[in-house]
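Architecture and fold: a report
The chain contents come next:
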Amino acid sequence: MNYNLSMERKTVKLQSFSIDTFTFEEALEYANKGQIVTINPEMIQTAKNNKEFANIINNAELVIPDGIGVELGLKILGHKVRRIAGIEFGRKLIDKFSDKPVAFIGAKPEIITKAVANLKNEISNLNAVYIQDGYFKDDERVLNELKSANPKLALIALGSPKQEIFISKAKELLPETLFIGLGGSFDVWSGEVQRAPQIWQRMGLEWLYRTLKEPKRFKRIFPTLPLFVLKVIKEKFMGA
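Values in this document were obtained by computation on a predicted structure and should not be read as measured data.

**Structural notes on the overall build of the protein**
A tally of helices and strands in the protein yields 13 helices and 8 strands. By the compact-globule yardstick of 18 Å for 240 residues, the protein fits well, its C-alpha radius of gyration being 17 Å. Here the C-alpha coordinates of the protein stretch approximately 50 × 40 × 35 Å along the principal axes. For the protein, the exposed area adds up to about 12100 Å²; of that, 53% sits on carbon and sulfur atoms. Averaging the coordinates of the 35 positive side-chain charges in the protein and doing the same for the 28 negative ones gives two points 5 Å apart.

**Re the nonpolar core**
Generally speaking, soluble globular proteins have nonpolar side chains that are buried together. Formed by 35 residues in total, the largest nonpolar core has its most connected members in Phe89, Leu93, Phe104, Leu155 and Phe186. Breaking this core down by element, the ones donating at least two residues are helix H1 (24-30), strand S4 (62-65), helix H5 (86-96), strand S5 (101-106), helix H6 (109-122), strand S7 (153-157), strand S8 (178-181) and helix H9 (185-190). Residue contributions to this core peak at 5 residues, all from H6. Ignoring anything within four residues of it in the chain, the contact list for leucine 93 reads Leu28, Ala31, Ile36, Leu153, Leu178 and Ile180. One finds Leu14, Val37, Ala60 and Val81 within the second-largest nonpolar core, a separate group that totals 20 residues.

**Re the environment of lysine 80**
Within the fold, lysine 80 resides in the loop between helix H4 (68-76) and H5. Between the alpha carbons of lysine 80 and threonine 21 there is a distance of 8.4 Å; along the sequence they are 59 residues apart.

**Quick look at unusual backbone geometry**
Looking along the chain, the bond that leaves serine 160 and enters proline 161 is cis, with omega of 10°. With respect to the helices and strands, proline 161 occurs in the loop between S7 and helix H8 (162-173). Residues other than glycine seldom take positive phi values, yet glutamine 15 does so here, at roughly 55°. With respect to the helices and strands, glutamine 15 occurs in the loop between strand S1 (11-14) and strand S2 (17-20). Positive phi is not limited to glycine here, since alanine 107 has a value of about 70°. Relative to the assigned elements, alanine 107 resides in the loop between S5 and H6. Owing to a relative accessible area of 14%, alanine 107 belongs among the buried residues under this scheme.

**Considering the sheet that holds S7**
Taken in spatial order, the 6 strands of this open sheet run S4-S3-S8-S7-S5-S6, and their pairing is parallel. Looking at which strands have only one partner, the edges of the open sheet turn out to be S4 and strand S6 (127-132). Put simply, the sheet's adjacent strands are angled 20° from each other on average, direction ignored. Both S5 and S7 contribute to a ladder of 5 bridges, which runs parallel. Across the sheet, glycine 106 pairs through a bridge with alanine 157, a residue of S7.

**Looking at the packing of helix H2 (residues 41-48) against helix H13 (residues 224-238)**
Between two packed helices, the angle of one axis relative to the other and the distance separating the axes together describe the packing. In the contact formed by H2 and H13, the axes pass within 9 Å of each other and the chain directions differ by 75°. With respect to H13, the element H2 is oriented roughly perpendicular. Side by side, H2 and H13 meet where Pro41, Glu42, Ile44 and Gln45 of the first sit next to Thr224, Leu225, Phe228 and Lys231 of the second. Per-class residue counts for the contact of H2 with H13 are 4 nonpolar, 2 polar and 2 charged.

**Notes on the side chain of threonine 177**
Looking at the element boundaries, threonine 177 is found in the loop between H8 and S8. Threonine 177 gets classed as buried once you look at its relative accessible area, which sits at 2%. At a separation of 2.6 Å, a polar atom in the side chain of threonine 177 contacts the main-chain carbonyl oxygen of proline 151. Those residues in contact with threonine 177 that sit more than four places away from it in its chain are Lys33, Gly34, Pro151, Lys152, Leu153 and Ala154.

Rules used in this analysis
- Residues numbered from 1 in each chain as written.
- Predicted model: local features only at pLDDT ≥ 70, side-chain atom pairs only at ≥ 80, totals over all residues.
- Heavy atoms only, no water.
- Helix = DSSP H or I, 4+ residues; strand = E, 2+ residues; numbered from the N terminus.
- Rg over C-alpha atoms; globule rule 2.2 N^0.38 Å.
- Areas by Shrake-Rupley, 256 points an atom, 1.4 Å probe, with all protein chains shown as cover.
- Lys, Arg positive; Asp, Glu negative; His and termini not counted.
- Charge placed at Lys NZ, Arg CZ, Asp CG, Glu CD.
- Core = buried A, V, L, I, M, F, W, Y, C linked by side-chain atoms within 4.5 Å.
- Buried < 20%, exposed > 50% of the residue type's maximum accessible area, 1.4 Å probe, protein only.
- Contact = heavy atoms within 4.5 Å.
- Pairing = 2+ DSSP bridges.
- Axes fitted to C-alpha atoms, helices over the stretch in contact; angles between N-to-C directions.
- Parallel < 35°, antiparallel > 145°, perpendicular 65-115°, else oblique.
- Nonpolar A, V, L, I, M, F, W, Y, C, P; charged D, E, K, R; others polar.
- Polar contact = N/O pair within 3.5 Å; in protein donor to acceptor, adjacent residues only side chain to side chain.

Laid out in structure tokens, this is it:
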């Protein structure tokens, strides 16, 4: 499978990183192989201090604005680019590739088992050719098993930047496969974690809802998010 060559990839810069400007539907049509990065302010901050991670983002085939902070940052810079929630995009990719072999890697053993079972109940023809929880220490073993399974879509939920680093290695072995890092999506698909109500999602406050539900996330979100906004304002008026 190849990318839709009739679609030209258009990106804008945010904190020196290129972000794709596709709509949800356009990105879904465009994505067929390579690495998708679902970027948020925390990842941008990490990449600023991690050259390997920065290179991975810069070499990704698609970088979608997952975090509301990224959408806000782009808006400050004058770019009208709507957020594409990684969990929703990943779910639509499963539908798109449901007749092709799909791999799932990440989360706790019981979580990934429930997640895949629930997805199979929703998608009768889902062909899950490889399932591996995220508690492995031997990357080479998993990479070799993944290569043997030869999926056309691989959903990786190891947390960032671990999942992006893993994907960068995997795509060298499977250049025709589409990879996406999805963080905590398996927890939601398993039914163990509930997404924010629709009104929170529409208002772009899903991150706040999750933080209120999981206070331990507070230290991760703050001060990263407000500092990120301040850096973008500085970028607008003084340059990156």
